[in-house]
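Summary of the model geometry
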Amino acid sequence: MTATPEWPPAFSVRISPRAKHPRLRVLPGTGLEVVLPRSMRAETATAIVERHKEWVRRTLDRVCGHEGVGQPAGVPGRVVLHGGAAERVVVCEGEETGEADAIRLRASREDPDTALAQLRDWTRAYAAATLGREAAVLAGEHALPYASVRFRRQRSRWGSCTARGAISLNTSLVFLPWELARHVIMHELAHTRHMDHGRGFWKTLFAMEPEALKLDKRLRSAWRHVPAWIWG
């Protein structure tokens, strides 16, 4: 059962010189943002949020999920990967812990920012090793070569591909169930052949993954798997 987000939610207001109309955005790790054109006063944001109450509730729950908005992003005791497997996290101040299977962070216990920065670096390296390897395997199996693949922390995209075949994947894919992370990789590989989402793209994607539409639907609420500490 899904918990109903508290009301009213916390939100930020941003005045954009490019905006022509007010706009609502919900980003993981940030929460609700109200974007206003310069012609509108910041005080109008509350009424806009209230007017779109049901959309805000649904979207906050879908994007932020159980992590919530504004929760403390302290050093976690464990990291849950691929939707299930857990890795222990140990902060050590130079001493050996004897826990070879744990993620060991070299930092003072009074310095969580340094420890979290190391944990984010570890996550990116883990993503590059595991998902980078999977991308190479899938590209070889389906004859879909790419120019490069890199990993970045992104709040609004799981992946992207340029016309030259440079693929970018979200580091946070490591927190998703494996089949969803793999689906994103296949989606971007299909773009190395078809940049749009036309018939050719879907034919290529379905050849790799017949359940692509079901997985695509599950991705809409997949941000709930991403822990708050990854954003900094």
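Right above here is the structure, for reference.
Below or above, wherever it landed, is the structure these notes cover. (Residues numbered from 1 in each chain as written. Predicted model: local features only at pLDDT ≥ 70, side-chain atom pairs only at ≥ 80, totals over all residues. Heavy atoms only, no water.)

Further remarks concern the overall build of the chain. Counting its regular elements, the chain contains six helices and nine strands. Buried residues in the chain amount to 42% of all 232 residues. The contacts in the chain between residues at least 6 apart in sequence include a share of 52% that link residues at least 24 apart. (Helix = DSSP H or I, 4+ residues; strand = E, 2+ residues; numbered from the N terminus. Buried < 20%, exposed > 50% of the residue type's maximum accessible area, 1.4 Å probe, protein only. Contact = heavy atoms within 4.5 Å.)

Attention now goes to the pattern of salt bridges. As a working rule, side chains carrying opposite charge can pair if their charged atoms are close by. Inspection of every chain in the model, using the stated rule, returns five salt bridges. Two residues, R14 and E33, come together in a salt bridge whose shortest N-O distance is 3.2 Å. Residue R14 is located in strand β1 (residues 11-16), and its partner E33 is located in strand β3 (residues 31-37); the two are separated by 19 residues in the primary sequence. A relative accessible area of 32% means that R14 is categorised as partly exposed. (Salt bridge = Lys/Arg side-chain N within 4 Å of Asp/Glu carboxyl O.)

A few words on the nonpolar core. Judged by nonpolar contacts, the single largest core of 55 residues is most densely connected at V79, L131, W158, L173, F175, L176 and V226. Among the elements that take part in this core, helix α3 (residues 112-141) stands out by supplying eight residues, more than any other. If we ignore the near neighbours within four places in the chain, the residues touching V79 are A85, A86, E87, V89, I103, L119, F175 and W229. (Core = buried A, V, L, I, M, F, W, Y, C linked by side-chain atoms within 4.5 Å.)

Attention now goes to helix α4 (residues 178-191). The end-to-end C-alpha separation of α4 is 20 Å, in line with the 20 Å expected for 14 residues at 1.5 Å each. Buried within α4 are the following residues: L180, A181, H183, V184, I185, M186, H187, E188, L189, A190 and H191. Looking at the buried side of α4, the elements it contacts are α3, β8 (159-161), β9 (166-170), α5 (199-208) and α6 (212-219). (Expected span 1.5 Å × (residues − 1).)

Turning our attention to the sheet that holds strand β2 (residues 23-27). Working definition: the strands of a sheet are paired by backbone hydrogen bonds and lie parallel or antiparallel to each other. If you trace the three strands from one edge of the open sheet to the other, you get β1-β3-β2, paired in mixed fashion. The open sheet has two edge strands, β1 and β2, and neither has a second partner. Taking each pair of neighbouring strands and ignoring which way they run, the sheet shows an average axis angle of 25°. (Pairing = 2+ DSSP bridges. Axes fitted to C-alpha atoms, helices over the stretch in contact; angles between N-to-C directions.)

Turning to the side chain of S160, a few remarks are in order. On the secondary structure map, S160 appears in strand β8. In this structure, S160 is in contact with A166, I167, S168 and E188, ignoring residues within four places of it in sequence.

The relative placement of two packed helices is expressed as an angle between their axes plus a distance between the axes. For the pair α4 and α6, interaxial distance at closest approach is 10 Å and the crossing angle is 110°. As summarised for this structure, α4 and α6 are arranged roughly perpendicular, according to the angle between their axes. Seen from above, α4 lies across α6 with left-handed handedness. Contacts between α4 and α6 involve E179, L180, H183, V184 and H187 from the former and A212, L215, D216, R218 and L219 from the latter. (Parallel < 35°, antiparallel > 145°, perpendicular 65-115°, else oblique. Left-handed = near helix turned anticlockwise from the far one by under 90°.)

The mixed open sheet is built from three strands, whose spatial order is β4-β5-β6. Bordering the open sheet on either side are β4 (78-81) and β6 (103-106), each of which pairs with just one other strand. Across the sheet, the mean angle from the axis of one strand to that of its neighbour is 25°, orientation sign disregarded. Note: β4 against strand β5 (residues 85-92), four bridges, orientation antiparallel. When the bridges of β5 are listed, L81 appears paired with A85. Against the sheet, α3 contacts β4, β5 and β6, and its axis sits at roughly 140° relative to β6.

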